[in-house]
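Structural description and commentary
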Amino acid sequence: MHKLGAVSRRPPREVHVPRLRTTAAVCTTMSALAATSLITAPSVAEPFSPEPCALERTEVHHSEGLDTWNAAYPRPARTLDAVMIFLSFPDSQPLTSPAELTADHFPATSRFFQQASYGAFTLRPHPMRDWIPMPSPSTSYAIRRDWRPEHRAAYLRDALRAADRHVDFSRYDVVYFVADPDAPGVDSDATKVVNLERPMRADGTALRRVVTVFENHPPDRLVLAHETGHVFDLPDLYHRPVGGEGDWDTHVGDWDLMGSQFGLAPDLFGWHKWKLG
Ligand SMILES: [Zn+2]
């Protein structure tokens with residue numbers, strides 16, 4: 001009954017998925033992981049033994065099924081470091097500070113995962129203290145929910161180039177690019193995770209994905225936890241209405257964070273917890 005009203009409840013986010021993997025590539029990655037997981041995390045090597053009720057992995061991106069962990073993704077079975085990079089634009093003077101925007105998401109995001117993992121997983125935020133200026137006006141990137149690849153690529157290229165002088169990307173497992181919420185070209189419906197077919201490189205590190213945050217201030221409740229779920233290879237579980245069929249909550253609703261970023265239930269499915277170790 002405490003659902004947000006239809007007006008203020010904007011739809012959850014989609015994740016853009018430009019990359020497809022071949023079966024051969026998946027197998028190679030998996031055998032590589034099997035070796036390392038035995039060394040680094042013996043306590044979580046077991047969850048992938050066949051269970052009668054386990055869902056089978058399919059070819060879709062972020063498959064719900066699981067046989068082995070996809071090593072292209074960080075697994076939240078240890079402390080992970082996340083950098084927050086705040087991007088301003090020449091067509092807008094920020095009305096908020098990086099510290100205020102950090103407080104929009106932390107400690108709430110870390111606390112969510114701390115509770116969901118029964119204390120096993122810590123997401124450690126590393127917010128930058130200052131705005132990093134982007135070279136082009138916010139409107140030039142045509143930011144929106146269904147973002148065109150060329151505009152998205154320009155945004156990521158500029159953001160990485162601008163931030164690289166200030167950030168050692170080799171130190172972080174998760175990257176959040178947080179845009180000035182008051183810049184005119186920033187669309188709060190466009191927050192998502194961008195998975196890169198060809199990783200960007202910075203500081204000797206391959207960046208396979210980044211979280212592009214375009215939230216209002218204050219943001220949607222737990223939106224960053226939802227997006228971070230994608231960084232851990234979890235799929236969206238909401239239904240995007242097509243032709244007036246159903247609504248965003250038709251399937252899962254708030255019973256899982258990936259069904260609704262508001263996470264009013266407010267946790268992950270047991271299946272997701274098991275997947276994540
Ligand atoms: Zn999503």
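What this report covers is the structure whose coordinates are included nearby. Model, not experiment: these values are computed from the prediction. (Residues numbered from 1 in each chain as written. Predicted model: local features only at pLDDT ≥ 70, side-chain atom pairs only at ≥ 80, totals over all residues. Heavy atoms only, no water.)

What about the overall build of the protein?
Counting secondary structure elements, the protein contains six helices and six strands. The order of helices and strands in the protein, counted from the N terminus, is α-β-α-α-β-β-α-β-β-β-α-α. Looking at the protein residue by residue over its 277 residues, the buried ones come to 51%. Contacts spanning at least 24 positions in sequence make up 74% of the contacts within the protein whose residues lie at least 6 apart. Entry remark: accessible area of the protein is about 13,400 Å², with carbon and sulfur atoms responsible for 56%. (Helix = DSSP H or I, 4+ residues; strand = E, 2+ residues; numbered from the N terminus. Buried < 20%, exposed > 50% of the residue type's maximum accessible area, 1.4 Å probe, protein only. Contact = heavy atoms within 4.5 Å. Areas by Shrake-Rupley, 256 points an atom, 1.4 Å probe, with all protein chains shown as cover.)

So, the packing of aromatic side chains
On inspection of all chains with the given rule, the structure shows 14 aromatic pairs. Here the aromatic rings of tryptophan 147 and phenylalanine 214 are separated by 5.5 Å at their centres, their planes lie at 85°, and the arrangement is edge-to-face. One end of the pair, tryptophan 147, is in the loop between β3 (132–133) and α4 (149–164); the other, phenylalanine 214, is in the loop between β6 (205–213) and α5 (223–231), with 67 residues separating them in the sequence. The class of tryptophan 147 is buried, set by a relative accessible area of 2%. Here phenylalanine 214 falls in the buried class, since its relative accessible area comes to 0%. By the ring-pair criterion, three or more aromatic residues cluster together here, those being Phe89, Tyr141, Trp147, Tyr155 and Phe214. Positioned above the aromatic ring of tyrosine 73, the side-chain terminus of arginine 209 is 3.7 Å from the ring centre. (Phe/Tyr/Trp six-rings, centres within 6.5 Å; stacked < 30°, edge-to-face > 60°. Lys NZ or Arg CZ within 6 Å of the ring centre and 35° of its normal.)

A word on the coordination of the zinc ion
Summarising the metal site, the zinc ion is bound by the protein donors His226 (NE2), His230 (NE2) and Asp236 (OD), whose distances to it range over 2.0 to 2.1 Å. Every donor residue of the zinc ion comes from the same chain, spaced as H-x3-H-x5-D. Linking histidine 226 with histidine 230, this pair stays in helix α5, spanning four residues, or about one helical turn. (Donors = N, O, S within 2.8 Å, 3.2 Å for Na, K, Ca; no water.)

Some details on helix α3 (residues 108–116)
Residues that lie three or four places apart on an α-helix share one face, since the helix turns once every 3.6 residues. Listed in full, the buried residues belonging to α3 are Thr109, Ser110, Phe112, Phe113 and Ala116. Down the axis of α3, the sector holding all buried residues measures 155°, keeping them to one side. Exposed residues lying more than 90 degrees from the buried face of α3 are Arg111 and Gln115. On its buried face, α3 sits against α2 (98–105), β2 (123–127), α5 and α6 (270–276). Backbone geometry just after α3 places tyrosine 118 at a positive phi near 55°. (Arc of directions from axis to C-beta.)

Examining the side chain of serine 92
Of note, serine 92 is situated in the loop between β1 (80–88) and α2. If we skip the residues at most four places from it in the chain, serine 92 touches Asp180, Asp182, Ala183 and Pro184.

A short note on the nonpolar core
In terms of nonpolar packing, the biggest core is built from 67 residues, with Ile85, Leu123, Tyr155, Phe169, Tyr176 and Phe177 touching the most fellow members. Of all the secondary-structure elements, those providing two or more residues to this core are β1, α3, α4, β4 (174–179), β5 (192–202), β6, α5 and α6. The residues contacting phenylalanine 177, other than those within four sequence positions of it, are Ile85, Leu87, Leu156, Ala159, Leu160, Ala163, Phe169, Val210, Val211, Thr212 and Val213. (Core = buried A, V, L, I, M, F, W, Y, C linked by side-chain atoms within 4.5 Å.)

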